[in-house]
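# Reading the structure
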Amino acid sequence: MAVLPTGAVSAPEAGFPDRDTLRTALRLACCAPSVHNTQPWRWLVAPDAVHLYADPARRLPATDPEGRDLVLSCGAALHHLVVALAAFGWTARVRRLPDPEVPDHLATVTLAPAAADRADVVRAAAITRRRSDRRAYATWPMRDDQQADLVSAAAHHGVVARVIEGEARADLVRLVAEADARQAADSDYRTELALWTGRHAGSADGVPAANTPRETRYGDLVTRRFSAPTLGGPDRAIGTGAGTLVVLGTASDDRMSRLRAGEATSAVTLAATAARMVSCPLSQPVEVRAARDLLRESVLRDELFPQLVLRVGWPAPGASTLPATPRRPLSEVVGLSGTPSPRRA
Ligand SMILES: Cc1cc2nc3c(=O)[nH]c(=O)nc-3n(C[C@H](O)[C@H](O)[C@H](O)COP(=O)(O)O)c2cc1C
């Protein structure tokens, strides 16, 4: 499939970015985090809009039976696109789930010119620097104002980012461990993990072995055990922290909530990156139904539906820069439509 070729479709409408700008923005959008780096999105570029579709063929049936992580991952890519375009001087209007008959059509993005401000550029610059950092973090805490910035980044998307401390944190850590044990006992889950993780550098998707540490316990927190990890951790004397645990929660629990939670995931992790913090999603307690129910009940006091847990903190002193994880070529994920109608995809 050609990627935004010159002259292959009708010319973009006036008031719409040129092909080079769109190509660069889509490349940045695809830098978004996704569960096991499955990159479960498809983009359709029409003369007047960019459409985002979920790619159900990329769902992980054992890890993500309900496709929750899949929609979240697409939400993160949607926010990355909006951030990139804003830095290029285009403000986005997003219609989410525009067609109830096509649930995989997650968003239609239309654009209008608008001068980028400094915050737009800072956010976009964080896209290529953000990594899921699974190593130990430094032990010093975030200041209250730094936490407040992350909370407000999520709130902008209608999502509550709740910092979990004290007894609730102990409950959360226990649920993460229970979800991990439940998944580790499932042979289909283990097969999926072996297929999608521990990948060599030449792979266009999946989690590279070089990005997963051998160490998976930080204090009382157990993190996902990936297959064939090769990443060394920081010196134990300087990096032993698990970081601050944040739960992203929504008022309802439907496709729209997950899409919004994905956008908030992008917003929070880019804000953390821009502030020189590190972060990593932890989705196991949301993937396992029983853990998710308990998370809602005991950690979120029945006030919110949990969508994702994030570990956020400071890099351990001297921690190396992690390699970027690979992405599929744009030709695999972008299609062109000569007409504005998304149904003709
Ligand atoms: C919905 C979602 C769930 C994820 N769950 C986990 C997880 O449980 N543990 C983990 O280490 N990384 C998790 N990740 C991070 C992905 O593995 C990561 O985004 C992907 O490998 C690409 O790497 P990058 O984030 O460094 O670009 C998750 C990401 C998303 C969007």
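Residues numbered from 1 in each chain as written. Predicted model: local features only at pLDDT ≥ 70, side-chain atom pairs only at ≥ 80, totals over all residues. Heavy atoms only, no water.

## Side note on the overall build of the protein chain
For the record, the criterion: Helix numbering and strand numbering both begin at the N terminus, where a helix is a DSSP run of H or I of at least 4 residues and a strand a DSSP run of E of at least 2. Only protein chains enter the area calculation, which uses a 1.4 Å probe; residues under 20% of their type maximum are buried, those over 50% are exposed, and those in between are partly exposed. We call two residues in contact when some of their heavy atoms are within 4.5 Å. Residue-level accessible areas treat just the shown protein chains as cover; the underlying method is Shrake-Rupley with a 1.4 Å probe. Residues scored as positive are Lys and Arg, those scored as negative are Asp and Glu, and His as well as the terminal groups of each chain are ignored. Just so you know, the charge point we use is NZ for Lys, CZ for Arg, CG for Asp and CD for Glu.
A count of helices and strands for the protein chain gives 10 helices and 13 strands. If one aligns the C-alpha atoms of the protein chain with their principal axes, the spans along those axes are about 60 × 45 × 40 Å. Here the protein chain holds 345 residues, and the buried ones make up 52% of them. Look at the contacts in the protein chain between residues 6 or more apart in sequence, and 77% of them connect residues 24 or more apart. Accessible surface for the protein chain amounts to roughly 14,400 Å². Of this, 53% is attributable to carbon and sulfur atoms. In the protein chain, the 42 positive side-chain charges and the 38 negative ones have mean positions that sit 4 Å from each other.

## Let's talk about the sheet that holds strand 10 (residues 244-250)
Operational definition: When DSSP finds two or more bridges between two strands, those strands count as paired. Throughout, an axis means a line fitted to C-alpha atoms (over the contacting stretch in the case of helices), and angles, computed between N-to-C directions, take values from 0 to 180 degrees.
The antiparallel open sheet is built from four strands, whose spatial order is 5-10-12-11. On the outer flanks of this sheet lie strand 5 (160-164) and strand 11 (278-282), each paired with one strand and no other. Each strand of the sheet is rotated relative to its neighbour by a mean of 30 degrees, with strand direction disregarded. Where strand 10 meets strand 12 (residues 305-313), seven bridges bridge the pair, whose relative direction is antiparallel. Among the inter-strand pairings, Val247 is bridged to a residue of strand 12, identified as Val309. Relative to strand 5, helix 4 (residues 144-155) is tilted by about 150 degrees, and along the sheet it contacts strand 5, strand 10 and strand 12. Strand contacts of helix 5 (residues 166-184): strand 5, strand 10 and strand 12, with the helix running at about 80 degrees to strand 10, the strand carrying the most contacts.

## Thoughts on the domain arrangement of the protein chain
How big an interface is tends to be expressed through the accessible area that disappears when the partners come together. This is how it is decided: Throughout the structure description, domain borders are defined by an automatic or database domain assignment. Defined here as a combined quantity, buried area equals the accessible surface (1.4 Å probe) lost by two parts on assembly, summed across both. Here, a salt bridge means any side-chain nitrogen of Lys or Arg that lies within 4 Å of a carboxyl oxygen of Asp or Glu. Here a polar contact is recorded for every N or O atom pair within 3.5 Å, except that within protein the pair must consist of a potential hydrogen donor and a potential acceptor, and residues adjacent in sequence are included only if both atoms are side-chain atoms. Gly is put with the polar residues, along with every residue not named as nonpolar or charged; the nonpolar set is Ala, Val, Leu, Ile, Met, Phe, Trp, Tyr, Cys and Pro, and the charged set is Asp, Glu, Lys and Arg.
Taken domain by domain, the protein chain comprises domain 1 (19-129 + 325-336) and domain 2 (144-313). Domain 1 and domain 2 are separated by 21 Å when their C-alpha centres are compared. In this assembly, 38 residues from domain 1 lie in contact with 41 residues from domain 2. In total, about 3,300 Å² of surface goes out of reach between domain 1 and domain 2, with carbon and sulfur atoms giving 62% of it. The three residues of domain 1 that bury the most area against domain 2 are His36, Arg68 and Leu72, which together make up 23% of that side's buried surface. On the surface where domain 1 and domain 2 come into contact, there are five salt bridges. One can count 15 residue pairs in polar contact (both at pLDDT 80 or more) joining domain 1 with domain 2. Elements that contribute at least two residues to the side of domain 1 that touches domain 2 include exactly helix 2 (68-87) and helix 3 (118-127). A total of 11 residues in the side of domain 1 that touches domain 2 trace back to one element, the largest contributor, which is helix 2. Taken together, the residues that form the side of domain 1 that touches domain 2 break down as 19 nonpolar, nine polar and 10 charged.

## Focus on the pattern of salt bridges
Enumeration over the complete set of coordinates arrives at 23 salt bridges. Where Arg162 meets Glu303, a salt bridge forms, and the shortest distance between an N and an O atom there is 2.8 Å. Placement of the pair is Arg162 in strand 5 and Glu303 in the loop between helix 9 (289-299) and strand 12, with a sequence separation of 141 residues. According to the relative accessible area criterion, Arg162 is partly exposed, its value standing at 23%. Glu303 gets classed as partly exposed once you look at its relative accessible area, which sits at 42%.

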